[in-house]
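Letter by letter, the chains look like this.
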Amino acid sequence: MITEIAQIEVKPGSEKDFEAAVAMAQTIFKRCKGWKSFELHRSIEKPSRYRLHIKWETLENHTVDFRESDNFTEWRALVGPHFASPPEVEHTNTVLSF
């Protein structure tokens, strides 16, 4: 299992609208191949900065199955208007968990 971590800067003043759009998108992710879980974290120090943590079975479930699907297009249509800049995305493997 891998974790996609996306750092997202939203336009100041659009935080609540962005959060509502992400909440609406839960049905999109629930139908995606290999999707496991989804968390949205908001920075305390920088309230227009979010980190999205999505767990996928495989890297390809995100980079191919999701990114090349209509689900991705639907996701971006919901949340994209709130982005101040393109998200920074990376993938991680869990090496320790307590």
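Quick note: structure is the one above.
Attention in this report is confined to the structure presented alongside it. (Residues numbered from 1 in each chain as written. Predicted model: local features only at pLDDT ≥ 70, side-chain atom pairs only at ≥ 80, totals over all residues. Heavy atoms only, no water.)

**Observations regarding the sheet that holds strand β4 (residues 88–92)**
- Spatially, β2-β3-β1-β4 is the arrangement adopted by the four strands of the open sheet, whose pairing is antiparallel. Because the sheet does not close on itself, it has two edges, and the strands there are β2 (35–42) and β4. Between one strand axis and the next, the sheet turns through 15° on average, direction left out of account.
- Examined bridge by bridge, strand β1 (residues 2–9) and strand β3 (residues 49–56) share eight bridges and lie antiparallel to one another. (Pairing = 2+ DSSP bridges. Helix = DSSP H or I, 4+ residues; strand = E, 2+ residues; numbered from the N terminus. Axes fitted to C-alpha atoms, helices over the stretch in contact; angles between N-to-C directions.)

**Quick look at the side chain of Ser 69**
- Position of Ser 69 relative to the elements: it lies in the loop between α3 (59–66) and α4 (70–79).
- A relative accessible area of 18% means that Ser 69 is categorised as buried.
- Polar contacts involving the side chain of Ser 69 include one to the main-chain carbonyl oxygen of Asp 65, which spans 3.5 Å.
- There is a polar contact of 3.1 Å between the side chain of Ser 69 and the backbone nitrogen of Asn 71. (Buried < 20%, exposed > 50% of the residue type's maximum accessible area, 1.4 Å probe, protein only. Polar contact = N/O pair within 3.5 Å; in protein donor to acceptor, adjacent residues only side chain to side chain.)

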